[in-house]
Amino acid sequence: MKPARETTGDGRFARQPNRFTERLGPPGPGRYRLYASYACPWAQRVLIVRRLLGVEDLLDVTIVDPIRDEKGWRVPGGDPEYLSELYLASDPDYRGRYTVPVIWDAAEGRIVTNDFPQITLDLETTWSTTPDLYPERLRPEIDALNDRLYHGLNNAVYEAGFARSQAAYEEAVARVFATLDELEERLAAGSPYLFGDELTESDVRAYTTLARFDAVYHGHFKCSVRRLVDYPALWAYARRLYAIPAFGETTDFDHIKRHYYMTHPDINPSRIVPVGPAIDWSL
Ligand SMILES: N[C@@H](CCC(=O)N[C@@H](CS)C(=O)NCC(=O)O)C(=O)O
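Predicted model, so just to flag it, every value in this text is computed and none were measured. (Residues numbered from 1 in each chain as written. Predicted model: local features only at pLDDT ≥ 70, side-chain atom pairs only at ≥ 80, totals over all residues. Heavy atoms only, no water.)

## Remarks on helix α1 (residues 41-53)
Okay, step 1: The terminal C-alpha atoms of α1, which comprises 13 residues, lie 18 Å apart, in line with the 18 Å expected from a rise of 1.5 Å per residue.
Okay, step 2: For α1, every residue scored as buried is listed here: P41, W42, A43, Q44, R45, V46, L47, I48, V49, R50, L52 and L53.
Okay, step 3: Where α1 terminates, the next one or two residues include G54, which has phi positive at roughly 70°. (Helix = DSSP H or I, 4+ residues; strand = E, 2+ residues; numbered from the N terminus. Expected span 1.5 Å × (residues − 1). Buried < 20%, exposed > 50% of the residue type's maximum accessible area, 1.4 Å probe, protein only.)

Here it is in structure tokens:
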């Protein structure tokens, strides 16, 4: 159940602000640890970028259990048992949701950031620029597209799924499909990626929502006007990205489906996880 404080008077889902917004400093072996879920689109962005930049040795990873209970994300192996312990060790007064992705500074024993849009940009600008996922000359355009993606797609699917009124739901769904239509048109022009031949941060942000679209957003979040597979250029684009190991090998449909269908009992009270959809992601 989403806390009431994230629902507006007219039934819209309004995401909580990120509590920890420090910038990542220079990496040091054993210093930073990423807590991520394969289910979470915001966390998968960091897993993808970590792999693309080849900074795996500088950023350790703990993958949380996909099923979240009333105590929040559980850490397999039990150190700590729950992600909440890291939040409360960093700020005993923290009262928000305990979210992934989060980066823990082992040297200082505290959370540095849960500011998901900034984490990947920090890695791309200060940890490694090979490949250059956020090239300086394209930054204004990338920022503008990322903003469009966030409001029209990445967060809009949640606004549809967590809406508490018909009007709020319909408004969010309209935004989702207007954005998918736009992306289809952009990619139908023939470029492999959103910025031509260059793979950028925008592709990472688009991908993690597209990868979940038919598996969970179409059914569980009721974004059911069309499926991703109904968009020829977008579907080819999503599979092109999936074929890159950093994308494909961090995409876990089992975690995705079990997490969404079993963790929002207000949306799916039976917690039954659907069989399918049977989709072939190979090129
Ligand atoms: N940090 C952001 C976005 C990250 C986020 O929402 N992550 C989800 C998983 S996709 C999460 O960890 N949710 C935990 C919860 O709702 O208790 C937020 O606070 O809304």
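## Side note on the UniProt feature "domain: GST C-terminal" (unreviewed entry) in the protein
Okay, step 1: Taken from the UniProt record, the annotation "domain: GST C-terminal" (unreviewed entry) applies to residues 135-260.
Okay, step 2: As a span, residues 135-260 carries 67% helix and 0% strand, and end to end its C-alpha atoms are 34 Å apart. (UniProt positions renumbered as here; feature names shortened; annotations may be inferred.)

## Comments concerning the packing of aromatic side chains
Okay, step 1: Using the criterion set out here, one finds 26 aromatic pairs in the structure.
Okay, step 2: Ring-pair connections join several aromatic residues into one group, and the members of that group are F13, W42, F116, Y150, Y158, F162, F177, F213, Y217, F221 and Y260.
Okay, step 3: We note R186 situated over the ring of F195; from NZ or CZ to the ring centre the distance is 5.0 Å. (Phe/Tyr/Trp six-rings, centres within 6.5 Å; stacked < 30°, edge-to-face > 60°. Lys NZ or Arg CZ within 6 Å of the ring centre and 35° of its normal.)

## Things to note about the pattern of salt bridges
Okay, step 1: One pass over the full model with this rule turns up 21 salt bridges.
Okay, step 2: Two residues, R51 and E249, come together in a salt bridge whose shortest N-O distance is 2.7 Å. With R51 in helix α1 and E249 in the loop between α9 (245-248) and α10 (253-263), this pair connects stretches of sequence that are 198 residues apart.
Okay, step 3: Members of the salt-bridge network, linked through shared partners, are E22, E108 and R110. (Salt bridge = Lys/Arg side-chain N within 4 Å of Asp/Glu carboxyl O.)

## Structural notes on the environment of G152
Okay, step 1: Within the element layout of this structure, G152 appears in helix α4 (residues 139-154).
Okay, step 2: Taking the relative accessible area as the measure of exposure, G152 reaches 0% and is therefore buried.
Okay, step 3: Along the backbone, G152 and A211 are 59 residues apart, and their C-alpha atoms lie at a distance of 16 Å.
Okay, step 4: For G152, the residues in contact, after removing those within four places along its chain, are R175, V176 and T179. (Contact = heavy atoms within 4.5 Å.)

## A closer look at the side chain of K257
Okay, step 1: By secondary structure assignment, the location of K257 is in helix α10.
Okay, step 2: Of the buried charged residues, K257 lacks a salt bridge, with D254 as the closest side chain of opposite charge at 7.3 Å.
Okay, step 3: Residue contacts for K257: discarding those within four places in its chain leaves A215, V216, M262, V273, P274, V275 and G276. (Lys, Arg positive; Asp, Glu negative; His and termini not counted.)

## A look at the pairing of strand β2 (residues 59-63)
Okay, step 1: Examined bridge by bridge, strand β1 (residues 32-36) and β2 share five bridges and lie parallel to one another. Paired with A36 across the two strands is I63, which belongs to β2.
Okay, step 2: Where the polypeptide runs from β1 across α1 and back to β2, its parallel neighbour, the crossover connection is right-handed. (Pairing = 2+ DSSP bridges. Right-handed = clockwise from strand over helix to strand, strands pointing away.)

## Some remarks on the site of the ligand
Okay, step 1: In the vicinity of the ligand, 16 residues are found, and the nearest of them are R15, Q16, C40, W73 and R97.
Okay, step 2: In the environment of the ligand, a nitrogen atom lies 3.1 Å from a nitrogen or oxygen atom belonging to the side chain of R68.
Okay, step 3: Residues of the shell around the ligand, tallied by class, amount to eight nonpolar, four polar and four charged. (Near = heavy atom within 4 Å. Polar contact = N/O pair within 3.5 Å; in protein donor to acceptor, adjacent residues only side chain to side chain. Nonpolar A, V, L, I, M, F, W, Y, C, P; charged D, E, K, R; others polar.)

## A short note on the sheet that holds β2
What holds strands together in a sheet is hydrogen bonding between their backbones, with the strands either parallel or antiparallel.
Okay, step 1: Pairing is mixed across the open sheet formed by four strands, whose spatial order is β2-β1-β3-β4. The two strands at the open ends of the sheet, each matched to only one other strand, are β2 and β4 (110-113). Averaged over all adjacent pairs, the angle separating strand axes in this sheet is 35°, with direction ignored.
Okay, step 2: The strands touched by α1 are β1 and β2; relative to β2, the strand with the most contacts, the crossing angle is about 140°. (Axes fitted to C-alpha atoms, helices over the stretch in contact; angles between N-to-C directions.)

## Concerning the packing of α4 against helix α6 (residues 166-188)
Helix packing for two helices is described by the angle between their axes and how far apart those axes are.
Okay, step 1: Between α4 and α6, the least distance of the axes is 8 Å, while the angle of their chain directions is 140°. By the angle between their directions, the pair α4 and α6 is classed as oblique. Between α4 and α6, the residues in contact are L145, R148, L149, H151, G152 and L153 and R175, V176, A178, T179, L180, E182, L183 and R186, respectively.
Okay, step 2: In terms of residue class, the contact of α4 with α6 is built from seven nonpolar, three polar and four charged. (Parallel < 35°, antiparallel > 145°, perpendicular 65-115°, else oblique.)

## Examining the side chain of E201
Okay, step 1: Its place among the elements puts E201 in helix α7 (residues 201-217).
Okay, step 2: What makes E201 buried here is its relative accessible area of 0%.
Okay, step 3: Separated by 2.5 Å, the side chains of E201 and R205 make a polar contact.
Okay, step 4: If we skip the residues at most four places from it in the chain, E201 touches V49, T120, L121, E124, L133, I142 and N146.

## So, the pairing of β4
For a regular strand, side-chain orientation follows a simple rule: the groups alternate between the two sheet faces.
Okay, step 1: Both strand β3 (residues 102-105) and β4 contribute to a ladder of three bridges, which runs antiparallel. Residue pairing across strands places D105 opposite R110, the latter belonging to β4.
Okay, step 2: Between the antiparallel neighbours β3 and β4 lie four residues, among them G109 with a positive phi of about 65°.

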